[in-house]
Amino acid sequence: MSVVSPAVPPSPEPGYDRLAPRLIPGYASLARLAVALLASSPLASSTEASVLVAGCGTGSELLEARAQRPDWHLTAIDPSATLLEVARGRLDAAAPSIDWRCTRVEDLGVEAAFDGALSVLVLQSLPDDGSKLAFLSALARSLRPGGQLVLVDLMRPERSALQAQVELAWGQFQRAGGESGDPGTLASRVEAPHPIGPARLAALAEASGFGDPAPVFKALNFEGFLLQRRS
Ligand SMILES: C[S@@+](CC[C@H](N)C(=O)[O-])C[C@H]1O[C@@H](n2cnc3c(N)ncnc32)[C@H](O)[C@@H]1O
C-alpha cells in the first residue's frame, strides 16, 4: 500500500477551500471552534468587541465570525491582495463593514486596539529566525491588555513511538477525503512549513508579551492554543 506524504496546505492557491478540509483533520470545524473560543474570552465576549483576523486568507474565519458574532467589529488582514479579494467576494454582501488591510501583522502598526485576535495556520509558515517572534510580538502589541489570541498551527511532532502511525493516519485521512494519493502531486502544492514544538511556542509567547499558551484542542499535529496578553 502506498503512503501519502503528510502535506499541509500552501498559502491559499486556487482550490484551497476545497483542498484544506481534505488535508487538515478538523479543518471543517476549525474556524467555528476558533471563533467560539474567542467569543467566550473575557474581552471579546463583550458586545461590539474589536477583533483582528490575522492572515485571513480566503475568509473562512471571517465568515464564521460574522455568523456567530455579527456585532463584532472585524479587521481582516493578509499580505496577499489576491486572497483578500477572494475573501471580500465571499464576505462583502454579508459584512460590508469589515476593515480590510493588505498587510502583514508586523506592519499593521496598531497598539492595544483589539479585544481579541485569530491566527489560523499562519505562524507555521514563518521561519523561526526572528520572524515568528516579530509576528507574535506584533499580535500581542495589537491587543488590549488581557485580550486573547486563538492560535491554530501545525506543530512539530513529539518524538514518540506512535509518530509513524500518526503520519500513516494523516495519509489515510487525505485519501479517505478524496485525495489521489500521489505524493509528488501533493508535495508540489505544499509550502514548506516551519513547525515548532510546545516548549518553543511557550518561549516565543513569553518573549512576545503573552502568558503561557493554553492548549485547547489537537487533531493529529494540528493544535489550537489560547494566549492572553499580559496586563
Ligand atoms: C495557510 S493560509 C491560512 C488562511 C486562513 N487563516 C485559513 O485558515 O484558511 C496562511 C495565510 O497567512 C497569510 N500570512 C502569511 N504571513 C503573514 C503575516 N506575516 N501576517 C499576516 N498574514 C500572513 C498568507 O498570505 C495566507 O493567506
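Criteria and cut-off values
Residues numbered from 1 in each chain as written. Predicted model: local features only at pLDDT ≥ 70, side-chain atom pairs only at ≥ 80, totals over all residues. Heavy atoms only, no water. Helix = DSSP H or I, 4+ residues; strand = E, 2+ residues; numbered from the N terminus. Phe/Tyr/Trp six-rings, centres within 6.5 Å; stacked < 30°, edge-to-face > 60°. Buried < 20%, exposed > 50% of the residue type's maximum accessible area, 1.4 Å probe, protein only. Core = buried A, V, L, I, M, F, W, Y, C linked by side-chain atoms within 4.5 Å. Contact = heavy atoms within 4.5 Å. Arc of directions from axis to C-beta. Salt bridge = Lys/Arg side-chain N within 4 Å of Asp/Glu carboxyl O. Polar contact = N/O pair within 3.5 Å; in protein donor to acceptor, adjacent residues only side chain to side chain. Pairing = 2+ DSSP bridges. Axes fitted to C-alpha atoms, helices over the stretch in contact; angles between N-to-C directions.

### With respect to unusual backbone geometry
Moving on, step 1. The backbone of Ala-112 sits at a positive phi, close to 45°, despite the residue not being glycine.
Moving on, step 2. Non-glycine residue Leu-220 carries a positive phi angle of around 50°.
Moving on, step 3. Along the chain, the position of Leu-220 falls in the loop between strand 6 (214-219) and strand 7 (222-228).

### Topic: the packing of aromatic side chains
Moving on, step 1. Per the counting criterion, the structure on display carries two aromatic pairs.
Moving on, step 2. On the basis of an interplanar angle of 85° and a centroid distance of 6.2 Å, the ring pair of Tyr-16 and Tyr-27 is categorised as edge-to-face. Here Tyr-27 lies in helix 2 (residues 27-39) and Tyr-16 lies in helix 1 (residues 16-23), a separation of 11 residues in the sequence. Accessibility assignment for this pair places Tyr-16 and Tyr-27 in one class, buried.

### Structural notes on the nonpolar core
A general tendency of soluble globular proteins is for nonpolar side chains to be buried together.
Moving on, step 1. By size, the foremost hydrophobic cluster in this structure holds 37 residues, and its most contacted members are Leu-62, Trp-72, Leu-74, Trp-100, Leu-121 and Val-150.
Moving on, step 2. A total of seven residues in this core trace back to one element, the largest contributor, which is helix 2.
Moving on, step 3. When neighbours within four sequence positions are excluded, Trp-72 is seen to be in contact with Val-35, Leu-38, Ala-39, Ala-44, Ser-46, Ala-49, Val-51, Ala-65 and Arg-66.
Moving on, step 4. Counting 26 residues, the second-largest nonpolar core is a separate cluster that includes Ala-117, Val-122, Leu-151 and Phe-210.

### Things to note about helix 1
Moving on, step 1. Of all the residues in helix 1, the buried ones are Tyr-16, Leu-19, Ala-20 and Leu-23. For helix 1, the angular spread of the buried residues around the axis is 105°, confining them to a single face.

### Observations regarding the environment of Ala-76
Moving on, step 1. Within the secondary structure, Ala-76 sits in strand 2 (residues 73-77).
Moving on, step 2. Separated by 42 residues in the primary sequence, Ala-76 and Leu-118 place their C-alpha atoms 9.9 Å from one another.
Moving on, step 3. Dropping the residues within four chain positions of it, Ala-76 is found in contact with Val-53, Cys-56, Leu-62, Leu-84, Ile-98, Asp-99, Trp-100 and Arg-101.

### A short note on the pattern of salt bridges
Moving on, step 1. A full pass over the atoms with the stated rule returns 13 salt bridges.
Moving on, step 2. In this structure, Asp-92 engages Arg-88 in a salt bridge whose closest nitrogen and oxygen atoms are separated by 3.9 Å.
Moving on, step 3. Overall, Asp-92 belongs to the partly exposed group, its relative accessible area being 33%.
Moving on, step 4. Judged by relative accessible area, Arg-88 falls into the partly exposed class, the value being 32%.
Moving on, step 5. Linked through salt bridges whose partners overlap, the residues forming this network are Arg-104, Glu-106 and Asp-107.

### Focus on the side chain of Ser-208
Moving on, step 1. On the secondary structure map, Ser-208 appears in helix 8 (residues 198-208).
Moving on, step 2. Within the local environment of Ser-208, its side chain forms a polar contact with the backbone oxygen of Leu-204, the two atoms lying 2.5 Å apart.
Moving on, step 3. If we skip the residues at most four places from it in the chain, Ser-208 touches Leu-133, Leu-136, Ser-137 and Ala-140.

### What to know about the sheet that holds strand 6
Moving on, step 1. Across the sheet, seven strands lie side by side as 3-2-1-4-5-7-6; this open sheet has mixed pairing. Looking along the sheet, the strands with just one partner apiece sit at the ends: strand 3 (99-101) and strand 6. Ignoring strand direction, the axes of neighbouring strands in this sheet form an average angle of 15°.
Moving on, step 2. When strand 5 (residues 143-154) meets strand 7, the two strands line up antiparallel, connected through seven bridges. Within strand 7, the residue paired with Leu-149 across the bridge is Leu-227.
Moving on, step 3. The strands that helix 2 touches are strand 1 (50-54), strand 4 (114-120), strand 5, strand 6 and strand 7; relative to strand 4, the one it contacts most, it runs at about 160°.

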